[in-house]
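Chain residues, written in single-letter form:
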Amino acid sequence: MKADWLRDKKTRLERKNSFDGSLVYGTSKFNADTGRAARVLQPFKDLIDRETGLIGSDLVRSRNCPVCGEAPGPGLFIKDGFRHVRCPRCGLIYVSLILREDILIRYWREETAWLSVLHSSPQSDMDALKYQYGLDLAQSLLKEDEAPGALLDIGAGTGDFVLKAREGGWDATALELNLETADYLEREGIQVIVKPLELSDLEGSSFNLITLWEVLEHLTDPRIILQKTRRILKDSGLLLIVVPNAGSLVTRILHEKSNTFGGHSHLNHFNVESLTLLLNDLDFEIVELETILTELGTINNFLDFQDPYLGNAGEFWPLITPELIHDKLWGSRILLLARKKGG
Ligand SMILES: [Zn+2]
């Protein structure tokens, strides 16, 4: 049985708006107070070859479309030294020449600049509400004897989600490469797997819920990770995924000016269609799909010729509302829950 708030569109929208930093704080204040404004998150910019404008060829490797395997089509744009392409077959926007695996793994183990943005108090306040929303949603979709049950959070980030899940009664495990977060969670008594999922020895059918909060966009091969995820889920277990939405209104308007495009860490830019294709292909049934976070202030700033992230434009076009944005699945993140099909 679904909880009442899930069926009531207005209550659900109010809950989503309550953790939308752009609405709660205003865009420029949120970006300043979380440290996004001060921080230039281009850790590999010194490695860009001045002649080609691309990251040095000895540091990257090529790949085909990680959803459908098609060879890269013509480029869309180059940003921060990385070429972004759109798959001619499935429409996924992705980085075709990505950093070598050893460079990426070292980056994730040692990264602290982005973590400090996530640890800032406006961000962690918003995230706490967002994580509770995700847990409530998952809980309402699992049977009573399955929730709260065994949970694995892949890519635990700050660790705030896995701690919140434990508070809610879940038997929560984290998988996280970042050494700072892993240490912190271990001190908090959380079991942490500090290696990539494909190298872990987790047993099949172990978890009722597996969560991937803003993780799939970072993976060199999201298909392999989702296959392994499926194996370690119990029958009819749930997968919760949140990813940036390449079909969002803010991304459609800003194109490469959108912060979601960088190239060193955001490798895959799913929209509703490409994410649905991948999950159906891997035998998951999508049971909830919606968008969260509007970036309404970012849109208004850009439409007013201001810096999209630091401007202070008022409401430019009153027809664009959070309700419209989420009705059209134009929010800046896709949130979905999918159930493992079959046995
Ligand atoms: Zn493709």
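What counts and what doesn't
Residues numbered from 1 in each chain as written. Predicted model: local features only at pLDDT ≥ 70, side-chain atom pairs only at ≥ 80, totals over all residues. Heavy atoms only, no water. Donors = N, O, S within 2.8 Å, 3.2 Å for Na, K, Ca; no water. Tetrahedral: all angles 85-135°; square planar, octahedral: opposite > 155°, others 65-115°. Helix = DSSP H or I, 4+ residues; strand = E, 2+ residues; numbered from the N terminus. Buried < 20%, exposed > 50% of the residue type's maximum accessible area, 1.4 Å probe, protein only. Axes fitted to C-alpha atoms, helices over the stretch in contact; angles between N-to-C directions. Parallel < 35°, antiparallel > 145°, perpendicular 65-115°, else oblique. Left-handed = near helix turned anticlockwise from the far one by under 90°. Contact = heavy atoms within 4.5 Å. Nonpolar A, V, L, I, M, F, W, Y, C, P; charged D, E, K, R; others polar. Pairing = 2+ DSSP bridges. Salt bridge = Lys/Arg side-chain N within 4 Å of Asp/Glu carboxyl O.

Novice: Help me understand the coordination of the zinc ion in this model?
Specialist: Around a metal, the perfect tetrahedron of four donors has angles of 109.5 degrees, and the perfect octahedron of six donors has angles of 90 or 180 degrees. Taken together, Cys65 (SG), Cys68 (SG), Cys87 (SG) and Cys90 (SG) make up the full set of protein donors to the zinc ion, lying 2.3 Å away. Considering all four donor atoms around the zinc ion, the spread of angles at the metal, 100 to 121 degrees, places the coordination shape in the tetrahedral class. Positions of the donor residues of the zinc ion along the chain correspond to the pattern C-x2-C-x18-C-x2-C. One end of the pair, Cys65, is in the loop between strand S1 (60–62) and strand S2 (75–79); the other, Cys90, is in the loop between strand S3 (82–86) and strand S4 (93–95), with 25 residues separating them in the sequence. The burial state of Cys65 is the same as that of Cys90; both residues are buried.

Novice: Looking at this structure, how should I read unusual backbone geometry?
Specialist: The phi angle of most residues is negative, glycine excepted, and most peptide bonds adopt the trans form. For the bond running from Ala147 to Pro148, omega is -5 degrees, close enough to zero to count as cis. One can find Pro148 in the loop between helix H7 (121–141) and strand S6 (150–154). A positive phi angle is found at Glu214, which is not glycine, with a value near 50 degrees. Look at His255: it is not a glycine, yet its phi comes out positive at around 45 degrees. Turning to its location among the elements, His255 is positioned in the loop between helix H11 (249–254) and strand S11 (268–269). On the basis of relative accessible area, His255 is assigned to the partly exposed category, the value being 46%.

Novice: Honestly, the packing of H7 against helix H8 (residues 160–167) in this entry has me stumped. Any pointers?
Specialist: For any two helices packed against each other, one specifies the inter-axial angle together with the distance between the axes. In contact at an axis separation of 10 Å, H7 and H8 are set at 50 degrees when each is read in the N-to-C sense. Here H7 lies oblique to H8, going by the angle between them. Every pair of crossing elements has a handedness; the one defined by H7 and H8 is right-handed. For the pair H7 and H8, the contacting residues are Ser124, Ala128, Tyr131, Gln132 and Leu135 in the first and Asp160, Phe161, Lys164 and Ala165 in the second. Of the residues assigned to the contact of H7 with H8, the class counts are five nonpolar, two polar and two charged.

Novice: Please clarify how the sheet that holds strand S10 (residues 233–244) should be interpreted in this entry.
Specialist: The strands making up a sheet are joined through hydrogen bonds of the backbone, oriented either antiparallel or parallel. A sheet is described by the order of its strands in space; here seven strands give the open sequence S8-S7-S6-S9-S10-S13-S12, paired in mixed fashion. Strand pairing shows two members of the sheet lacking a second neighbour, strand S8 (191–193) and strand S12 (284–292), which therefore form its edges. Taken over all neighbouring pairs, the strand axes of this sheet differ in orientation by 20 degrees on average, direction set aside. Where S12 meets strand S13 (residues 333–340), eight bridges bridge the pair, whose relative direction is antiparallel. The partner of Thr291 across the bridge, within S13, is Ile334.

Novice: How should I be thinking about the pattern of salt bridges in this particular structure?
Specialist: If the charged atoms of two oppositely charged side chains come close together, the side chains can form a pair. Evaluation of the coordinates by the stated rule reveals 19 salt bridges. A salt bridge links Glu290 to Arg12, with the nearest nitrogen and oxygen atoms 3.2 Å apart. Remark: Arg12 occurs in helix H2 (residues 9–18) and Glu290 occurs in strand S12; sequence separation between them is 278 residues. The salt bridge partner of Arg230 is Asp283, with a shortest N-O separation of 3.8 Å. In this pair, Arg230 is assigned in helix H10 (residues 222–232) and Asp283 in the loop between helix H12 (272–281) and S12, connecting sequence segments 53 residues apart. For Arg230, a relative accessible area of 17% gives the class buried. By relative accessible area, Asp283 is classed as partly exposed at 37%. In the salt-bridge network here, residues are joined through shared partners; they are Asp127, Lys130, Glu214, Glu295 and Arg333.

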